[in-house]
Amino acid sequence: MDAFVDSLIRMIAAVVAGGAIGLNRDIYGKPTGIRAHALVSLGAAILVIAGNAQIGRDDPAATSRVIQGIIAGVGFLGAGVILRGAGARVYHLTTAASLWVTTGVGVLCGLGSWKEAAVATALVLFVLVVGQRLDRWLYGISGIKDDDRE
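In what follows, the accompanying structure is described. Computed from a predicted model, the values in this text were never measured in an experiment. (Residues numbered from 1 in each chain as written. Predicted model: local features only at pLDDT ≥ 70, side-chain atom pairs only at ≥ 80, totals over all residues. Heavy atoms only, no water.)

1. As for the overall build of the protein chain
Item 1. From N to C terminus, the protein chain includes five helices and two strands.
Item 2. Counted from the first residue to the last, the protein chain has its helices and strands arranged as α-α-α-β-β-α-α.
Item 3. Within the span of the protein chain, comprising 150 residues, buried residues form 34% of the whole.
Item 4. A sequence separation of at least 24 residues applies to 60% of the contacts in the protein chain between residues at least 6 apart.
Item 5. Of the roughly 8,600 Å² of accessible surface on the protein chain, 68% is carried by carbon and sulfur atoms. (Helix = DSSP H or I, 4+ residues; strand = E, 2+ residues; numbered from the N terminus. Buried < 20%, exposed > 50% of the residue type's maximum accessible area, 1.4 Å probe, protein only. Contact = heavy atoms within 4.5 Å. Areas by Shrake-Rupley, 256 points an atom, 1.4 Å probe, with all protein chains shown as cover.)

2. A short note on a nonpolar patch on the surface
Item 1. A grouping of M1, F4, V5, L8, I9, I12, V16 and W114 is seen on the molecular surface, where their side chains present a nonpolar patch of about 800 Å² in accessible area.
Item 2. Considering each element in turn, the nonpolar patch owes the most residues, six residues, to helix α1 (residues 3-27).
Item 3. With respect to the element layout, V16 can be found in helix α1.
Item 4. With a relative accessible area of 56%, V16 lands in the exposed category. (Patch = residues over 30% accessible without salt bridge, like charges linked within 9 Å, V, L, I, M, F, W, Y side chains within 5 Å. Salt bridge = Lys/Arg side-chain N within 4 Å of Asp/Glu carboxyl O.)

3. Here we look at α1
Item 1. Over its 25 residues, α1 extends 36 Å from the first C-alpha to the last, a length consistent with the 36 Å expected when each residue adds 1.5 Å.
Item 2. For α1, every residue scored as buried is listed here: S7, R10, A14, A17, G18, G19, I21, G22, N24 and R25.
Item 3. The opening residue of α1, the one whose side-chain oxygen lies 3.2 Å from the backbone nitrogen of F4, is D2.
Item 4. Following α1 by one or two positions, G29 has its phi on the positive side, about 70 degrees. (Expected span 1.5 Å × (residues − 1). Polar contact = N/O pair within 3.5 Å; in protein donor to acceptor, adjacent residues only side chain to side chain.)

4. A short note on the pattern of salt bridges
Item 1. Evaluated as defined, the whole model comprises one salt bridge.
Item 2. For D6, the salt bridge identified is with R10, shortest N-O distance 2.9 Å. Separated by four residues within a single helix, D6 and R10 lie in helix α1, roughly one turn from each other.
Item 3. Residue R10 is classed as buried on the basis of its relative accessible area, which comes to 17%.

5. Here's the deal with the environment of G104
Item 1. Along the chain, G104 falls in helix α4 (residues 93-111).
Item 2. Under the relative-accessibility criterion, G104 is labelled partly exposed at 26%.
Item 3. On a C-alpha basis, the gap between G104 and G18 in space is 9.9 Å, while along the polypeptide they are 86 residues apart.

6. Considering helix α5 (residues 114-142)
Item 1. The first and last C-alpha atoms of α5 sit 41 Å apart over 29 residues, in line with the 42 Å expected at 1.5 Å per residue.
Item 2. Its maximal kink placed at G131, α5 deviates by approximately 25 degrees.
Item 3. Along α5, the residues that are buried comprise A117, T121, V124, L128 and Q132.
Item 4. Against the buried residues of α5 lie α1 and α4. (Bend = angle between axes of the 7 residues up to and from the residue.)

7. Remarks on the packing of α1 against α5
Two quantities define a packed helix pair, namely the angle between the helix axes and the distance between the axes.
Item 1. Remark: α1 packs on α5, axes separated minimally by 9 Å, with the N-to-C direction vectors making an angle of 5 degrees. On the basis of the axis angle, α1 is roughly parallel to α5. Along the contact surface, α1 presents I9, R10, A13, A17, A20, I21, N24 and R25, while α5 presents W114, T121, V124, L125, L128 and V129.
Item 2. Residues of the contact of α1 with α5, tallied by class, amount to ten nonpolar, two polar and two charged. (Axes fitted to C-alpha atoms, helices over the stretch in contact; angles between N-to-C directions. Parallel < 35°, antiparallel > 145°, perpendicular 65-115°, else oblique. Nonpolar A, V, L, I, M, F, W, Y, C, P; charged D, E, K, R; others polar.)

Right, here's the structure in full:
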């Protein structure tokens, strides 16, 4: 397969996977949604593709360093999503975590690890959908009021 077509497929897969995760955040009215998640995933894929194509040719450990930089850098983006309310209450941790894990999905797409990217996307969506229902159920039976639930 032509290198350009291969890279194009990797980038499109990253946008689709990140967008699917972002759709969940949009549906639940969270501060980041389809565009932010798709862009985070695409950005991770682009950087991995670039690292493999340019830097990684001469240094196989370069891709690992690129991935480390991506993961560290997206932490700042996640920190911007997290809000601190009155007292010690913290909001939007799940959304920040979804951005972080979406970065991992983008890295997998950039590497061409299709099965792993598909499974990771499915697991993220499972945790976001089923986890929220489980949270609500557990808080309901415990009688604890939790207004911060994501």
